[in-house]
Structure formats: C-alpha cells, structure tokens
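What follows is each chain in one-letter form.
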Amino acid sequence: MNRRVRVRFAPSPTGPLHIGGVRTALYNYLFAKKHGGDMLLRIEDTDSARFVPGAEEYIVEALNWLGITIDEGVGATTAGNHAPYRQSERKAIYRKYVDKLLEAGLAYIAFDTPEQLDAKRAEIANFQYDAKTRGEMTNSLTLPAEEVISRIANGEQYVVRIKIEPNEEVKVQDLIRGEVVINSSVIDDKVLYKSSDQLPTYHMANVVDDYLMEISHVIRGEEWLPSAPLHVLLYRYLGWTDVMPQFAHLPLLLKPDGNGKLSKRDGDRLGFPVFPLNWKDPKTGETSSGYREAGYFPEAVVNFLSLLGWNSGTEQEIFSMQELVDLFSLDRVSKSGAKFDYEKGKWFNHKYLQNKSLEEIADQYQRILIEKDIVEDSEKVQHIVSLVRERSNFVNELWSQSSFFFVAPDSYDEKTVQKRWKAETPAQMEELISLLEGVVDFTAEKTEEVVKEWISAKEYNMGGIMNAFRLSVVGEPKGPHMFDIIAIIGKDETIKRLIKAIEVLG
RNA sequence: GGUCCAUUCGUCUAUCGGUUAGGACGCCAGGUUUUCAUCCUGGAAAGAGGGGUUCGACUCCCCUAUGGACUACCA
C-alpha cells in the first residue's frame, strides 16, 4: 500500500519541551519532508491533572525557532481537516470507539478504585490486572449486568480496560529495530478510558487519533517500545490493521556522565541547557535556561541534534536543514542511546558563527552593543567581527573579545605588566607616540611599516615593544593583530591610550 | 523482580564476513604568530567477556556481563 506520508509530533503540555523531544520532532519533520509528506502537531492533554499553562505555546514557539514547521494541527498556518488537534477537545470522538470495544467484548468496565488497586499491589508482588487476575476484581466480567448498570447509574466512577487474550505472540515491526515480539500474557489490561474526566488514556487516544488523522508513520522515543504491542492489539481490536502506521522507535538521549535518560537536573548540574528556550516554571517561578537564550543559532542546534542518533554515512558534519531533509533515512538511525556531549554542541555553534555572513553576525552583535549604549555604524562592526569571530563560539562572546575596540581599558593585567612593562618601556612608548603622530595615512599597512622600520632601526626587541604596545591599548595580552586594532580605533585614541598607560604604569 | 531494547576510541559515530577498524568532538605534542585565541600538522585512544558458525568474524547465532527503557485511572 502506498499512502501519503503523514507523521505527527505529539507532546504532552506538562512543561517545557525537552531537548530529546526536540530531536523526536526534528526526525519526524525530516522524514516527512524527505517524502513530501505532512508534519502534524497534536497536543496530548488527556491528563488534566498534569496540564501546565503556557507549555503548549512554548512548544509551538520552540519548533518555530528551530525551523521545524508544522503543516497541520496546533501551531499550523492552515486549518487542516482533521481538527481539533488537542485531545481534550476530542472527548466525544473517543467515547464512540470505547463503546465499540465494549460492545464487541474486547474491553470491559472496571470499578476497582485506585486505593483498592494499590492494596492489591501491596498484597501481591508483581500484581498485574490481566487474564489471570481480572476474575477476582470488581468489573463487568465478574458482576451481574444489572449491577454494572446500577453502579454506573448511581454515579460510581469506573474505567474501561482492554481485554487482553493471554499467550499470544504479538509482533511489532519496527523500522529501526526490526521485529519485536512480546507475549500478550505480560501485557496488562490497560486502562483505556476513565469516567472521572471522560477522557481516554494515552494508549486509546493515540491509536484513535493516529487512525483518524491518517498517520502513516509513528516515529517516537524508545520509551514507547514496551507499549507498542498493546497499540498493535488496539489497531486489531478496532479493525484498523490494514491502515496501522509503521513504527520507528528512536534511541534515547542519555546523560553525559553516568547513566540514564537526560533530564532537566543534568542541565542544571552540568551547566548546559536541556531546553530549546528559556522556561519559567509558573508554579515555582524558577527559570531553566534554553539554547536560544544561551546564544545558540537554531541551525546549530538542529545540526547537533540531527547527528545524535543518526548519520549520513559520509564524513560530512555540517548540514543545512535542506541537506538533512535530502539525506535523512530511518535506516541510518542508530539503535543505542546517545550520551549528550555538550562540548560538541559548542563546536557546532562555532562552525556556524564562522560560516554565516558578516552582515548577519554584525547585526546580532550590534543589538548587544546597543544594550551597552554603544552605537557604531554597521561597517565598522562588521570589520571588528571579521577580526574576532574566529576566536568565539557565540555572538555573545564577541564582546569579551572586542570590548577594547569600543572602550579604553580601565586596568592593566597584572601578570602582563610584570612580564612586559620594563624600566625602559615608558621611554620607548614615548618614542612610539611621536612616531605615530607623524603617520598621516593611519592604516594597518602603513603603521605596521613605520613601526617595524623604527624597531629595527633602533634595534629594539620586537616582542618587547609590541607586547607593551598591546598592553597599553588592550589592557590584556589578547586580541587580533595590533595594527588592525589601532587602524580601527584611530590615531587619536591610540595615542591617548599610550599616554594613559605611561601615566598609570610609570 | 518481570518484559523488552541495546553494547566499536572518554563522547557521537563509519564498517552491512576479508580494512593498517575511518571521521568528528575533546585531549596531548609540534608548527604559524608581537599576545590570547584561531588555524595547520601530528599523536594517544575502540570492537564487553565466553562459546559457536565459517577458509576467514567488529560484522551471523547462543550464553554471560553491563547499560537503558517500561512495568500508573502519566504521557
């Protein structure tokens, strides 16, 4: 069967989008675009208790920032003809299919309260609500029909459970892992629907929506692999096996150190963001840092994430979104979890900082300068950026590499003073001042020529002069070529800084 | 505990039975440089262990070990 590729990213609005979720969204997007298909965004808010205000908006904004565009669903520009795309708004739809299962005897009503179930679990080790145990529980299989009706009529809360037939090998074809087989006896009679909020649980809602929204491929995290057989069974119970989507379970993103799934705490602990955007928790007021605010380019984040669990098979490392789309393939997705290496993430941003146009970088840098009340024309800023960007990873690091172009040093690095400011230095700097005063054409080329001639004529030590010169102008032993620096700050400013250095350092 | 998934340099990975096991990040050394960086060159660094299958296994199979996920009226 050849049907249109339609994939969905289906997060739960329980908080900010985790970086692992971002990668899942990215892989879905790449797969969809590669095959000319549709990328949907569906909000899985069937757990009213865990709903967090602002989370949905955050998810849309994050995907938008990253360039992962949504064709259909929440946050899409066009309406889409499978609306609504929020599960909380689809209550009536699910009830119909729950009833269908009930009528077919493939599901049943259970009245056991959460407390009773907890008691059961405490009493029996490894208790599972299934074919072996449901006969001892309070449900429509053990109660007379009239009692079930009267209990419901009396307003008693209940859930609907799927009736799993034991001892069957359930096969799941996974596009990444191949065939996965699980015996149905180890699957419990999962709750599909709860009367308390009249909403289905994840499993039911997910299957019904994927069916109704004509999803062709379910690409999701590996944490869903254990419940995939249940989903296969649900498709079968509902009579949808012929249009069941194909599954692909992605490897997890792991902690950089130690073991386990990458979590919010790891970011706090190790000092890097695990969210795409800053997130302020509405309850605690606590803010978690995001890649955008940390100074990352969205392209760099996408590139970095794309390679955590997938590779092109070539030695190329830098990919545009379009290249990623062209090259992406599920059979090149790896099976094992990937430890999150933040250092490599920084390297990607470094690469993008070098490869982007000077105009774009200068434009971003100017915004930082304006915050510092520094206004310069863009041509000059571009020139400065061209001199210092190769030594930076982020636009916001540019300031520490180039502040001396805009403001004179207010102190001098002590170590350098001891090492580079000798007894004879002040006199030499005086000479340098009068030399520079005489230079008419104050370009990097000209000043370099004049100063070097003077140094060799006087038989001064090149390093001694230049380092003292740098100390006077920059205040620290850093920065680009000295003559490039003074050409930008100009003759007057250069001389002013030399005079001040002689004054202060003696 | 049970079920399932996984296992190549520290990390991300290439390899789809025959390779000096390749690349990248990071690390180290050297070079360039008036400084700090960058950059360039080079280097150290890997097939979890044990059995098979095979003329030949990193590659296929089994066992063990290790790691991970799941095991809710959460997703």
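All of the points below concern the structure found in this document.

So, on to the overall build of chain A. Regarding its fold elements, chain A presents 21 helices and 15 strands. Relative to a compact globule of 506 residues, whose C-alpha radius of gyration would be 23 Å, chain A shows 32 Å and is clearly more extended. Based on the C-alpha atoms only, the size of chain A along its principal axes is roughly 110 × 50 × 40 Å. For chain A, the residues scored as buried account for 50% of the 506 residues in total. Within chain A, residue pairs in contact and separated by at least 24 positions form 72% of the contacts whose partners lie at least 6 positions apart. For chain A, the computed accessible surface area is about 23700 Å², with 49% contributed by carbon and sulfur atoms. One way to put it: in chain A the 61 positive side-chain charges average out to a point 3 Å from where the 77 negative ones average out.

Another point: the protein's contact with RNA strand B. Contacts to RNA strand B come from 63 residues, most closely from Arg177, Arg391, Pro477, Gly479 and His481. Within 4 Å of the protein, the contacting atoms of RNA strand B are drawn from sugar and phosphate to the extent of 69%. Within the backbone of Asp112, a nitrogen or oxygen atom sits 2.9 Å from a base nitrogen of RNA strand B. Residue Pro477 places a main-chain N or O atom 2.6 Å away from a sugar or linking oxygen belonging to RNA strand B. Contributing elements (two or more residues each) for the surface near RNA strand B: α4 (114–123), β5 (159–162), β7 (178–183), β8 (191–194), β15 (338–339), α12 (342–355), α19 (462–474) and α20 (482–489). Sorting elements by how many residues they give to the surface near RNA strand B places α12 first, with four residues.

When the terminal C-alpha atoms of helix α2 (residues 55–66) are compared, their 17 Å separation across 12 residues agrees well with the 16 Å that a helix rising 1.5 Å per residue should span. Within α2 the residues assigned to the buried category are Ala55, Glu56, Tyr58, Ile59, Ala62, Leu63, Trp65 and Leu66. Count one or two residues on from α2 and you reach Gly67, which has phi positive near 85°.

Once that is clear, we can look at the side chain of Ser184. With respect to the helices, strands and loops of the structure, Ser184 is situated in the loop between β7 and β8. Residue classification places Ser184 among the buried residues on the basis of a relative accessible area of 1%. When near neighbours in sequence (up to four residues on either side) are disregarded, Ser184 contacts Ile164, Glu165, Pro166, Asn167, Glu168 and Val170.

Before going further, it helps to spend a moment on the pattern of salt bridges. Enumeration according to the criterion identifies 40 salt bridges in this entry. The salt bridge involving Glu61 is made with Arg292; its shortest N-O contact spans 3.0 Å. Of the two residues, Glu61 is situated in helix α2 and Arg292 in helix α9 (residues 291–294); the sequence distance between them amounts to 231 residues. Since its relative accessible area comes to 38%, Glu61 is described here as partly exposed. With a closest N to O distance of 2.8 Å, Arg90 and Asp209 form a salt bridge. Pair noted here: Arg90 is in the loop between β3 (72–73) and α3 (91–103) and Asp209 is in helix α6 (residues 202–212), with a separation of 119 residues, a long-range link.

Contact geometry of helix α17 (residues 425–437) with helix α21 (residues 491–505) gives a least axis separation of 10 Å together with a crossing angle of 165°. The angle between α17 and α21 falls in the class roughly antiparallel. Where α17 crosses over α21, the handedness of that crossing is left-handed. Of the residues in α21, those in contact with Pro426, Met429, Glu430, Leu432, Ile433, Leu436 and Glu437 of α17 are Lys491, Thr494, Ile495, Leu498, Ile499 and Ile502.

Moving on to the sheet that holds strand β9 (residues 199–200). Spatial ordering of the open sheet is given by β4-β5-β8-β9, a layout of four strands whose pairing is antiparallel. Looking at the sheet topology across the chains shown, the edges are occupied by β4 (107–110) and β9. Here β5 runs beside β8; their pairing, made up of three bridges, is antiparallel. From the neighbouring strand, Arg161 faces β8, where its bridge partner is Val191. Across the sheet, α3 lies against β4, β5, β8 and β9, angled at about 105° from β4, the strand it touches most.

To continue, consider the side chain of Arg6. Within the element layout of this structure, Arg6 appears in strand β1 (residues 6–9). Since its relative accessible area comes to 7%, Arg6 is described here as buried. Reaching out from Arg6, the side chain makes a polar contact with the side chain of Glu72 at a distance of 2.9 Å. Residues in contact with Arg6, not counting those within four places in the same chain, are Asp38, Leu40, Glu72, His82, Met213, Glu214, Ile215, Ser216 and His217.

Once that is clear, we can look at the nonpolar core. Ranked by size, the top nonpolar core spans 149 residues in total, and within it Phe340 and Phe405 carry the most contacts. A per-element tally of this core places helix α1 (residues 19–34) first, with nine residues. Formed by seven residues, the second largest nonpolar core is a distinct cluster that contains Tyr108, Ala110, Tyr129 and Met137.

The next subject is the pairing of β1. Of the two faces of β1, both are covered, the one formed by Arg6 and Arg8 as well as the one formed by Val7 and Phe9. Bridging between β1 and strand β2 (residues 38–41) involves four bridges; their strand directions are parallel. Counted as the bridge partner of Arg6 is Asp38 from β2. With respect to chirality, the unit in which β1 leads through α1 into the neighbouring parallel β2 is right-handed.

So, how was this worked out
Residues numbered from 1 in each chain as written. Chains lettered and ligands numbered in written order. Predicted model: local features only at pLDDT ≥ 70, side-chain atom pairs only at ≥ 80, totals over all residues. Heavy atoms only, no water. Helix = DSSP H or I, 4+ residues; strand = E, 2+ residues; numbered from the N terminus. Rg over C-alpha atoms; globule rule 2.2 N^0.38 Å. Buried < 20%, exposed > 50% of the residue type's maximum accessible area, 1.4 Å probe, protein only. Contact = heavy atoms within 4.5 Å. Areas by Shrake-Rupley, 256 points an atom, 1.4 Å probe, with all protein chains shown as cover. Lys, Arg positive; Asp, Glu negative; His and termini not counted. Charge placed at Lys NZ, Arg CZ, Asp CG, Glu CD. Near = heavy atom within 4 Å. Polar contact = N/O pair within 3.5 Å; in protein donor to acceptor, adjacent residues only side chain to side chain. Expected span 1.5 Å × (residues − 1). Salt bridge = Lys/Arg side-chain N within 4 Å of Asp/Glu carboxyl O. Axes fitted to C-alpha atoms, helices over the stretch in contact; angles between N-to-C directions. Parallel < 35°, antiparallel > 145°, perpendicular 65-115°, else oblique. Left-handed = near helix turned anticlockwise from the far one by under 90°. Pairing = 2+ DSSP bridges. Core = buried A, V, L, I, M, F, W, Y, C linked by side-chain atoms within 4.5 Å. Right-handed = clockwise from strand over helix to strand, strands pointing away.

Fair warning: the whole summary comes from geometry, so function is off the table for now.
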